[in-house]
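Structural description and commentary
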Amino acid sequence: MAKITVSVSSLGCSEPSVTVDVAEKNSCLLVGLQSWYDLEDAKDAVGGRALTNTNGTAFAAGKTGNAATFTPGSGQSLAYNSPIVTGGENAFTVAGWVKTSGTERWKIIDLRTYGETCIYRTYGNDLNFTVYDTAHRPVTVAYAGSGEWCFFSMRYNPTIGSHGRFDYSVKYGTTTNTGSYSPVAVPLSSECFRIGGTVDADARGQVDSAGLWSRALTDAELLLLWNSGSGLSYSQL
């Protein structure tokens with residue numbers, strides 16, 4: 001809650017002003033928020049699910065304060081090796097910021113041990129969103145290229161269609177690219193929350209301000225996270 005002071009002297013009140021609580025404009029983003037990683041370090045600002053730092057992932061200047069910074073060839077990652085949002089039939093949203101480097105494929109966010117539900121950087125400076133139902137189902141959403149901060153989101157709404165629907169978005173500058181996928185079976189349950197990982201190569205680049213919700217955020221809420229391209233830290237929610 002935020003506090004504002006309002007002048008009431010013109011209303012004949014004995015006090016010249018009164019201070020009242022008002023809801024922060026971003027407070028809706030706290031609803032269903034399970035974990036949030038500012039990535040100033042490996043701590044979880046919400047649920048106490050600190051990430052295990054493998055091979056010395058660094059934290060350097062990023063989108064909002066510091067960001068997880070991965071060095072090529074180091075095998076670095078940050079992981080919480082238990083499910084945060086459980087059950088493949090349950091709604092969720094994962095969102096954050098990434099700045100890639102190089103041309104190799106590497107995982108940005110992974111919700112399963114072997115990458116069946118993940119977001120990864122692929123060839124051609126694209127981001128791939130992969131869902132596992134009866135097979136890997138990658139959906140490619142175009143990305144501007146290396147060296148540019150990009151906001152990404154992946155949502156699952158189980159109430160749409162026979163087995164729910166995944167919606168994806170990538171936003172940078174004045175460009176927004178979106179995609180969706182309707183699984184042919186109930187998606188597999190989450191197993192972990194991992195930032196950084198290997199596809200064909202180790203993670204390289206940076207990830208910042210990553211959150212996981214137990215609901216599908218609305219388009220308007222994703223715009224709040226985008227924040228006109230500036231992003232948000234946990235203290236701004």
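Residues numbered from 1 in each chain as written. Predicted model: local features only at pLDDT ≥ 70, side-chain atom pairs only at ≥ 80, totals over all residues. Heavy atoms only, no water.

Quick look at the confidence of the model for the protein chain now. Per-chain confidence: the protein chain averages 83 in pLDDT, with 82% of residues scoring 70 or above. Below a pLDDT of 50 lies the segment residues 1–6, which in the model reaches 21 contacts outside its immediate sequence neighbourhood of four places, other chains included. Below pLDDT 50 for its whole length, residues 18–23 participates in 17 contacts with residues either more than four positions away or in separate chains. (pLDDT = per-residue confidence, 0-100. Contact = heavy atoms within 4.5 Å.)

Quick look at the packing of aromatic side chains now. Using the criterion set out here, one finds eleven aromatic pairs in the structure. Arranged with centres 6.1 Å apart and planes meeting at 65°, the rings of Phe 92 and Phe 166 form a pair that is edge-to-face. Within this pair, whereas Phe 92 is found in strand 8 (residues 92–100), its partner Phe 166 is found in strand 14 (residues 165–172), the two being separated by 74 residues in sequence. This pair shows no difference in class: Phe 92 is buried, exactly as Phe 166 is. Taking the centre distance of 6.5 Å and the plane angle of 55° together, the rings of Phe 151 and Trp 226 count as tilted. One end of the pair, Phe 151, is in strand 13 (residues 150–157); the other, Trp 226, is in helix 1 (residues 219–226), and 75 residues separate them in sequence. The exposure classification of Phe 151 matches that of Trp 226, with both residues buried. (Phe/Tyr/Trp six-rings, centres within 6.5 Å; stacked < 30°, edge-to-face > 60°. Helix = DSSP H or I, 4+ residues; strand = E, 2+ residues; numbered from the N terminus. Buried < 20%, exposed > 50% of the residue type's maximum accessible area, 1.4 Å probe, protein only.)

Counting residues in each nonpolar core, the largest one holds 38 residues, and the members touching the most others are Ile 108, Ile 109, Leu 127, Phe 129, Tyr 168, Phe 193 and Ile 195. Residues within four places of Leu 127 in sequence aside, it is in contact with Val 98, Ile 108, Tyr 120, Arg 121, Val 139, Thr 140, Val 141, Tyr 143, Cys 150, Phe 152 and Val 170. Of all hydrophobic cores here, the second largest spans 15 residues; its members include Ala 95, Leu 225, Leu 232 and Leu 237. (Core = buried A, V, L, I, M, F, W, Y, C linked by side-chain atoms within 4.5 Å.)

Time to look at helix 1. Within helix 1, the full set of buried residues consists of Glu 221, Leu 222, Leu 225 and Trp 226. The buried residues of helix 1 all sit within an arc of 155° when viewed along its axis, so they share a single face. The outward face of helix 1, more than 90 degrees from its buried face, is lined by the exposed residues Ala 220 and Leu 223. Looking at the buried positions of helix 1, the neighbouring elements they touch are strand 3 (33–37), strand 8, strand 13, strand 14 and strand 17 (205–213). (Arc of directions from axis to C-beta.)

Here we come to the pairing of strand 9 (residues 106–110). For strand 9, the buried fraction is high: five of the five residues fall into the buried class. The pairing of strand 9 with strand 16 (residues 193–198) spans four bridges and is classified as antiparallel. Within the sheet, the bridge partner assigned to Ile 109 lies in strand 16 and is Ile 195. (Pairing = 2+ DSSP bridges.)

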